[in-house]
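# Results of the structural survey
Given next are the chains, with one letter for each unit.
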Amino acid sequence: MGAILVTYKVFPEDIVENFDPLKTEIVKILPTVAKVEGWGEEPVAFGLVALLVQIRFPEDVMGVVDEFEVAMSNIKGVSQVQTFQIRRTSKDF
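Attention here is on the structure that accompanies the text. What you see is a predicted model; the values in this text were computed from it and never measured.

### Observations concerning the nonpolar core
- Counting residues in hydrophobic clusters, the biggest one holds 20 residues, and the most contacted among them are Y8, V10, F57 and M72.
- Contributions of two or more residues to this core are made by β1 (3-12), α1 (20-29), β3 (48-58), α2 (64-73) and β4 (78-89).
- With five residues, the top contributor of residues to this core is β3.

### Comments concerning the side chain of T89
- Along the polypeptide, T89 turns up in strand β4.
- If we ignore the near neighbours within four places in the chain, the residues touching T89 are G2, A3, L5 and R56.

### As for the pattern of salt bridges
- A full pass over the atoms with the stated rule returns four salt bridges.
- Between E42 and K9 there is a salt bridge; the shortest N-O distance is 2.7 Å. Linking E42 in strand β2 (residues 35-45) with K9 in strand β1, this pair joins segments that are 33 residues apart in sequence.
- Overall, the relative accessible area of 25% leaves E42 in the partly exposed class.

Rules and cut-offs
Residues numbered from 1 in each chain as written. Predicted model: local features only at pLDDT ≥ 70, side-chain atom pairs only at ≥ 80, totals over all residues. Heavy atoms only, no water. Core = buried A, V, L, I, M, F, W, Y, C linked by side-chain atoms within 4.5 Å. Buried < 20%, exposed > 50% of the residue type's maximum accessible area, 1.4 Å probe, protein only. Helix = DSSP H or I, 4+ residues; strand = E, 2+ residues; numbered from the N terminus. Contact = heavy atoms within 4.5 Å. Salt bridge = Lys/Arg side-chain N within 4 Å of Asp/Glu carboxyl O.

Shown next, in the form of structure tokens:
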């Protein structure tokens with residue numbers, strides 16, 4: 001069975017110097033069927049930087065991608081979460 005790689009763009013409510021606390025919160029709410037594949041940062045404007053997080057989900061579990069996006073948007077200090085990219089990979093989960 002393949003997997004789905006989803007990249008989320010997480011916008012903080014304010015300018016953030018260190019994303020480590022936010023990363024910790026994201027890992028805490030990560031579904032047991034998923035795993036973090038990588039982190040990144042993307043400048044937005046005027047010093048605001050968005051956190052990019054790439055998560056691998058098994059392709060046969062329905063609804064987990066959207067549920068995780070909603071859960072991230074409920075983290076304190078998060079303004080908005082966007083599903084930035086979704087792609088299927090043949091690499092096994």
